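Read off the chains here:
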Amino acid sequence: MAKGRLARVVVVVLLVVCQFGLIVWFGNVGYEGSPYPGTDELAEDYDAYVGRQVVVYGQVVETDPVTIETEVDDDSLVRYRLTGLDSDVEEGSYVGALVTPRPDGRLTVRRSVVRGERDHWYTYAVSLAAGLWVLVRVVRDWRFDVEALAFVSAGGDDRA
Amino acid sequence: MLAHALIGYAMARAAGTRLEWLDRSHVTAAMVGALVPDLSKLHLFVSDDPIEAALGTDVELLALHSGGGVLLSVLAVTLLLECTERRRTGWLVAAGAASHLMLDGLLLTETGRTAYAVFWPASTYRPPSPGLYLSGDIWVTALAATVAAVAWWATREARPAG
């Protein structure tokens, strides 16, 4: 029993190590795991990406012309002007777009996804609620048995 | 994320009509599975900058949302279960996680493809996405809530609590 328990702990630790390996690996696949360069790359060397496809994401700070602001790797804020955005945006909206950078510093939008500011925060709020809901259920339905180093169902006499 | 939890709940309740051993703790396990891929959302709360500085390389938490990352998470959760529950509950956790990846595969994205590499590290291929909804769409949550409510109602006789 103790031996099996030890083996299990070792395997779990190994899995966590592998998981960490994946996180590092993914950070070095393509553009930090993305098939397209993003705002970090664009901010670093705009000219290198002129005429190519880039994915940008940011919050609208101005609507005429549409300008988005985003935080890049070094924690600085950069702004990009978008042209050819076919959906209406308001200040505060979040825009994700596949764009082609132009030599004049504007980004031509090919495809975009716009999300209102309220929807953005709504998503955060309900996700947090979902996390708490599941956490409460776990605490109610499972308990961690320190002896066995495992979660055991707490519903022994409350099968339902 | 709420929609994922609700769908996990509904699936497990439905499975309970076939699986006699299934109780509310198993429903909870499926819901945990449905949220497992979103471990990657930890990046919203913790900065990866110190890790990147320490390792001198880029890291990307979205790896936890890839097929391989989810598989490792599911295996780790499963191994932390008591041995009598490991096999059957592990499958429920896996089913919950699979439902998450499938539903995310339908998300509207600016690239027209799935939002992340579902098959990574086997492949970086991202299948085209039909773009049915955004994760912040209220109607999606409402629909998932309805499905969950129906699942609860339809199975309440068989399983009064949960």
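Predicted, not measured: the structure shown is a model, and the values here were computed from it.

**Student:** I'm lost on the overall build of chain A in this one. Help?
**Tutor:** Summing up its helical and strand segments, chain A has three helices and seven strands in all. Each helix and strand of chain A, placed in order from N terminus to C terminus, yields the pattern α-α-β-β-β-β-β-α-β-β. At 23 Å, chain A has a C-alpha radius of gyration far larger than the 15 Å of a compact globule built from 160 residues. Once the C-alpha set of chain A is aligned to its principal axes, its extents read approximately 70 × 35 × 25 Å. Counting every position in chain A, which comprises 160 residues, the buried fraction comes to 40%. For chain A, the proportion of contacts with a sequence separation of at least 24, taken over those separated by at least 6, is 45%. Put simply, chain A shows about 9200 Å² of open surface, and 55% of that area lies on carbon and sulfur atoms. A distance of 10 Å separates the average location of the 16 positive side-chain charges in chain A from that of its 25 negative side-chain charges.

**Student:** I would appreciate a short explanation of the interface of chain B and chain A in the present structure.
**Tutor:** One frequent convention defines the size of an interface as the accessible area lost when the parts assemble. On the chain A side, the residues contacting the 60 residues of chain B number 53 residues. Summing the contributions of chain B and of chain A, the shared interface buries around 5000 Å²; its carbon and sulfur component is 66%. At the junction of chain B with chain A, the criterion picks out one salt bridge. Where Arg24 of chain B meets Asp141 of chain A, a salt bridge forms, and the shortest distance between an N and an O atom there is 2.8 Å. Viewed at the interface, chain A and chain B are joined by 19 residue pairs in polar contact (both at pLDDT 80 or more). Sorting the residues of the side of chain B that touches chain A by element identifies helix 1 (2-15), helix 2 (24-35), helix 3 (49-55), helix 4 (67-79), helix 5 (83-104) and helix 6 (138-155) of chain B as the ones contributing at least two each.

**Student:** Just checking my understanding: could you explain the confidence of the model for chain B for this structure?
**Tutor:** Detail in the predicted coordinates should be disregarded across regions flagged by low pLDDT. For chain B, the average pLDDT comes to 91, and 97% of its residues sit at 70 or higher. Interface confidence for the predicted complex, expressed as ipTM, amounts to 0.89; the pTM equals 0.90.

**Student:** Would you take a moment to explain the packing of aromatic side chains for this structure?
**Tutor:** Within a pair of aromatic rings, the relevant descriptors are the distance that separates the centres and the angle that separates the planes. Under the criterion given, the structure shown has seven aromatic pairs over all chains. Centre to centre, the rings of Phe26 of chain A and Trp120 of chain B are 4.4 Å apart; their planes meet at 50°, and the pair counts as tilted. Here Trp120 of chain B lies in the loop between helix 5 and helix 6 and Phe26 of chain A lies in helix 1 (residues 2-26), a pairing that spans two chains. Assessed through its relative accessible area of 2%, Trp120 of chain B is described here as buried. With centroids separated by 6.2 Å and ring planes inclined at 75°, the aromatic side chains of Tyr133 of chain B and Trp139 of chain B adopt a geometry described as edge-to-face. By relative accessible area, which is 47% here, Trp139 of chain B ends up partly exposed. An aromatic cluster is present here, built from Trp25 and Phe26 of chain A together with Trp120 of chain B joined pairwise through their rings.

**Student:** Honestly, the sheet that holds strand 2 (residues 66-71) of chain A in this entry has me stumped. Any pointers?
**Tutor:** Backbone-to-backbone hydrogen bonds join strands into a sheet, with any given pair of strands oriented parallel or antiparallel. All names here are of chain A. Here five strands make up a closed barrel; going around it, the order is 1-2-3-5-4 and the pairing mixed. Strand-to-strand twist in this sheet, taken as the mean axis angle between neighbours without regard to direction, amounts to 50°. Pairing between strand 1 (residues 54-63) and strand 2: four bridges, direction antiparallel. When the sheet's bridge partners are listed, Glu62 is paired in strand 2 with Thr67.

Conventions used here
Residues numbered from 1 in each chain as written. Chains lettered and ligands numbered in written order. Predicted model: local features only at pLDDT ≥ 70, side-chain atom pairs only at ≥ 80, totals over all residues. Heavy atoms only, no water. Helix = DSSP H or I, 4+ residues; strand = E, 2+ residues; numbered from the N terminus. Rg over C-alpha atoms; globule rule 2.2 N^0.38 Å. Buried < 20%, exposed > 50% of the residue type's maximum accessible area, 1.4 Å probe, protein only. Contact = heavy atoms within 4.5 Å. Areas by Shrake-Rupley, 256 points an atom, 1.4 Å probe, with all protein chains shown as cover. Lys, Arg positive; Asp, Glu negative; His and termini not counted. Charge placed at Lys NZ, Arg CZ, Asp CG, Glu CD. Buried area = accessible area lost by both parts, 1.4 Å probe. Salt bridge = Lys/Arg side-chain N within 4 Å of Asp/Glu carboxyl O. Polar contact = N/O pair within 3.5 Å; in protein donor to acceptor, adjacent residues only side chain to side chain. pLDDT = per-residue confidence, 0-100. Phe/Tyr/Trp six-rings, centres within 6.5 Å; stacked < 30°, edge-to-face > 60°. Pairing = 2+ DSSP bridges. Axes fitted to C-alpha atoms, helices over the stretch in contact; angles between N-to-C directions.

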